[in-house]
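The lines below spell out each chain.
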Amino acid sequence: MSDHSDRIILVTGASRGIGYASALALAKAGCHVIATARTQGGLEDLDDAITAAGGSCTLVPMDLKDGYAIDRLGAIISDRYGRLDGLFSNAGLLGDITPAPHVEPKTWDNVIAVNMTAPYRLIRSLDPLLRASNAGRAVFVNSSVARSHRAYWGAYAAAKAGMEAFVSAYAKEVEVTNLKVNLLDPGATRTAMRAKAMPGEDPKTLKEPADVAKLVLEMLSPSYPENDTLIRYLDWAKA
Ligand SMILES: NC(=O)c1ccc[n+]([C@@H]2O[C@H](COP(=O)([O-])OP(=O)(O)OC[C@H]3O[C@@H](n4cnc5c(N)ncnc54)[C@H](OP(=O)(O)O)[C@@H]3O)[C@@H](O)[C@H]2O)c1
C-alpha cells in the first residue's frame with residue numbers, strides 16, 4: 001500500500017501543465033483527486049487518463065476568481081468526506097509581460113485574483129478540513145520572481161510575493177497541528193504558461209511537468225516532515 005492510499009487531495013489548475021501531471025501522479029499513487037480548473041475538456045482528458053491508470057477522481061469545473069464557489073467547494077468536501085488530506089494550490093495566471101505603468105487594470109485584477117486571492121480563499125474555506133486530516137499537507141506553487149522582482153513581470157511577481165507572505169504566516173499558525181504548509185518553486189517547466197512567457201525558447205530544453213509532479217507527491221505525502229519552507233525544484237533534483 002502506498003503512502004498516498006485513500007488520501008483525498010484537491011488539485012487546482014488540473015486541466016493542463018504542472019497541475020494535470022501532478023493530479024495524474026497522485027491518482028496513480030492511490031489518492032482520490034478532486035480536480036479543478038475552468039477548461040472542461042482538459043479535466044475530461046485528465047479523468048480519462050486517471051481512469052485508464054485505475055485511479056479515481058472527481059472533476060469540479062470552476063473559476064477560482066469566484067470566492068463563493070471556493071466556499072461551496074469546501075462545503076461539498078466537508079459533507080462528502082469530512083476532511084481533506086492534501087491541497088495542491090497550483091493554478092496560476094501570468095498576465096502580460098509589460099512595463100509596470102502599462103499593466104491594464106483588468107489584467108492586474110485577474111492576476112491578483114488567481115495567484116493571491118484564490119490561495120487565501122482556499123485556505124479560508126479548507127482549513128478546518130485540512131486540520132481534520134491526520135496528516136494534512138498543503139503545497140502552494142510559487143515562482144522565483146516573487147523574490148527576484150524581474151522587470152516587466154511586476155503584476156505576477158507582486159501576486160506571488162503576496163501569496164508567499166500569506167502562506168508563510170499561515171504555516172506558522174498551524175505549527176502545533178498535524179497540518180504542514182509549504183511553498184514549491186517549480187522553476188522553468190515545459191507548459192503553456194512558460195511558452196507564453198518565453199516564446200523564443202525551445203521547449204525541449206525544459207523539464208516536463210511530470211518531473212515536478214514527483215516533488216509534489218513527496219511534499220503531499222503524510223510522511224513529509226517540513227513546515228513553512230520554500231522548496232525549489234532545482235535544489236531538490238540536485239540533492
Ligand atoms: N511553467 C513554469 O515554468 C513555471 C515556473 C514557475 C512557477 N510556475 C507556476 O506553476 C503553476 C502552474 O503553472 P503551469 O506552468 O502549469 O501553467 P499552465 O499550463 O498555464 O496551467 C495553469 C493552470 O491554472 C488554471 N487556471 C488559470 N486561471 C484559472 C482560473 N481563473 N480559475 C481556475 N483555474 C485557473 C488553468 O486552468 P483553466 O485555464 O482550465 O482554468 C491551468 O490548469 C502556476 O502557479 C505558475 O505560476 C510555473
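For the structure itself, consult the block above.
Analysis parameters
Here the residue numbering is sequential within each chain, running from 1 through the sequence in written order. With the structure being a predicted model, the display of local features is reserved for residues of pLDDT at least 70 and the display and counting of side-chain atom pairs for 80 or more, all residues being used for whole-chain, interface and lining totals. Where helices and strands are cited, they refer to DSSP runs of H or I of at least four residues and of E of at least two residues respectively, numbered from the N terminus. For the radius of gyration, the atoms used are the C-alpha atoms, and the globule rule reads 2.2 Å times the number of residues raised to 0.38. Around each residue's C-beta, the other C-beta atoms within 10 Å are counted; 20 or more make the residue buried, 12 or fewer make it exposed, and counts in between make it partly exposed. All C-beta atoms are placed from the backbone. Any two residues are considered in contact once their C-beta atoms, placed from the backbone, lie within 7 Å. Between any two strands, at least two bridges found by DSSP are needed for them to pair. Axes here mean lines fitted to C-alpha atoms, for a helix over just the part in contact, with angles spanning 0 to 180 degrees between N-to-C directions. A clockwise path from the first strand over the helix to the second, with the strands pointing away from the viewer, defines a right-handed crossover. Any residue whose C-beta atom, as set from the backbone, lies within 6 Å of a molecule or strand is reported as near that molecule or strand. Here the term charged refers only to Asp, Glu, Lys and Arg, the term nonpolar to Ala, Val, Leu, Ile, Met, Phe, Trp, Tyr, Cys and Pro, and the term polar to all other amino acids, Gly among them. Every angle not falling under 35 degrees, over 145, or within 65 to 115 is termed oblique; those three ranges are roughly parallel, roughly antiparallel and roughly perpendicular. A crossing counts as left-handed when the near helix is turned anticlockwise from the far one by less than a right angle, and as right-handed when that turn is clockwise. Here the expected length of a helix is defined as 1.5 Å per residue gap, with one fewer gap than residues. Taken from the helix axis, the directions to the C-beta atoms give the arc we talk about.

Chemist: Which parts of the structure should I look at to understand the overall build of the protein?
Modeler: Along its length, the protein carries nine helices and seven strands. In terms of overall dimensions, the protein is globule-like: its C-alpha atoms have a radius of gyration of 17 Å, near the 18 Å expected for 239 residues. A principal-axis box enclosing the C-alpha atoms of the protein has dimensions of 50 × 35 × 35 Å. A total of 239 residues make up the protein; the buried ones form 44% of that total. In the protein, 70% of the contacts between residues at least 6 apart in sequence involve partners at least 24 apart.

Chemist: Explanation requested: the sheet that holds strand E5 (residues 137-141) in the structure shown.
Modeler: Note: strands within a sheet are paired through backbone hydrogen bonds, in either parallel or antiparallel orientation. An order of E3-E2-E1-E4-E5-E6-E7 is seen for the seven strands of this open sheet, with the pairing classed as parallel. Each end of this open sheet is capped by a strand with a single partner; those strands are strand E3 (56-61) and strand E7 (230-232). Each strand axis lies, on average, 20° off the axis of its neighbour in the sheet, ignoring direction. Relative to strand E2 (residues 32-37), strand E1 (residues 8-12) runs parallel, the two being bridged by five bridges. Within the sheet, the bridge partner assigned to valine 11 lies in E2 and is alanine 35. Lying over the sheet, helix H4 (residues 105-132) contacts strand E4 (86-89) and E5, oriented at roughly 170° with respect to E4.

Chemist: Sorry, what's going on with the environment of glutamate 218 here?
Modeler: With respect to the helices, strands and loops of the structure, glutamate 218 is situated in helix H8 (residues 209-219). For glutamate 218, a count of 16 C-beta atoms within 10 Å puts it in the partly exposed group. Spatially, the C-alpha atom of glutamate 218 lies 9.6 Å from that of histidine 4, the residues being 214 residues apart in sequence.

Chemist: Quick question: what am I supposed to make of the environment of methionine 198 here?
Modeler: Assignment of secondary structure puts methionine 198 in the loop between helix H7 (192-197) and H8. Between the C-alpha atoms of methionine 198 and alanine 188, which are ten residues apart in sequence, the distance is 9.9 Å.

Chemist: Teacher, can you tell me more about the pairing of strand E6 (residues 180-185) here?
Modeler: Most of E6 is tucked away, with six of its six residues classed as buried. Neither face of E6 is left uncovered, since the one carrying Lys180, Asn182 and Leu184 and the one carrying Val181, Leu183 and Asp185 both have all their residues buried. Examined bridge by bridge, E5 and E6 share five bridges and lie parallel to one another. Looking across to E6, one finds that alanine 138 is bridged to valine 181. Pairing between E6 and E7: three bridges, direction parallel. Bridging across to E7, aspartate 185 finds its partner in arginine 232.

Chemist: Is there a simple way to explain the pairing of E5 in this structure?
Modeler: Consecutive side chains of a regular strand alternate in pointing toward one face of the sheet and then the other. Of all five residues making up E5, five are buried, and the element is well covered by its neighbours. Because side chains alternate across E5, one face comprises the buried residues Arg137, Val139 and Val141, and the other comprises Ala138 and Phe140, equally buried. Taking the sense of rotation as the criterion, the β-α-β connection linking E4, H4 and E5 turns out right-handed.

Chemist: Explain the site of the ligand to me, please; I cannot follow it from the model alone.
Modeler: Inspection of the region around the ligand gives 28 residues, with Gly13, Gly17, Arg38, Thr39 and Gly92 positioned closest. Looking at the shell around the ligand, the elements with two or more residues in it are helix H1 (17-28) and H7. Along the lines of polarity and charge, the residues of the shell around the ligand split into twelve nonpolar, eleven polar and five charged.

Chemist: Just to check I follow, could you spell out the packing of H1 against helix H2 (residues 40-52) for this structure?
Modeler: What describes two packed helices is the angle between their axes and the distance between those same axes. Following both chains from N to C, one finds H1 and H2 inclined at 25°, their axes separated by 10 Å at the closest point. On the basis of the axis angle, H1 is roughly parallel to H2. By crossing handedness, the relation of H1 to H2 is classed as right-handed. For the pair formed by H1 and H2, the contact residues are Tyr20, Ala23, Leu24 and Ala27 on the first element and Gly42, Leu46, Ala49 and Ile50 on the second. In the contact of H1 with H2, the residues fall into seven nonpolar, one polar and no charged.

Chemist: Would you mind showing me how to read helix H3 (residues 67-80) here?
Modeler: Residues that lie three or four places apart on an α-helix share one face, since the helix turns once every 3.6 residues. If you check H3, its first and last C-alpha atoms are 20 Å apart, about what 14 residues at 1.5 Å a residue would give, namely 20 Å. Within H3, burial applies to Ile70, Leu73, Gly74 and Ile77. Angularly, the buried residues of H3 cover 100° about the axis, an arc narrow enough to put them on a single face. Away from its buried face, by an angle of more than 90 degrees, H3 presents the exposed residues Tyr68, Ala75 and Asp79. If you follow the buried residues of H3, they end up packed against E2, E3 and H4. After H3 finishes, the residue glycine 82 shows a positive phi value of roughly 75°.

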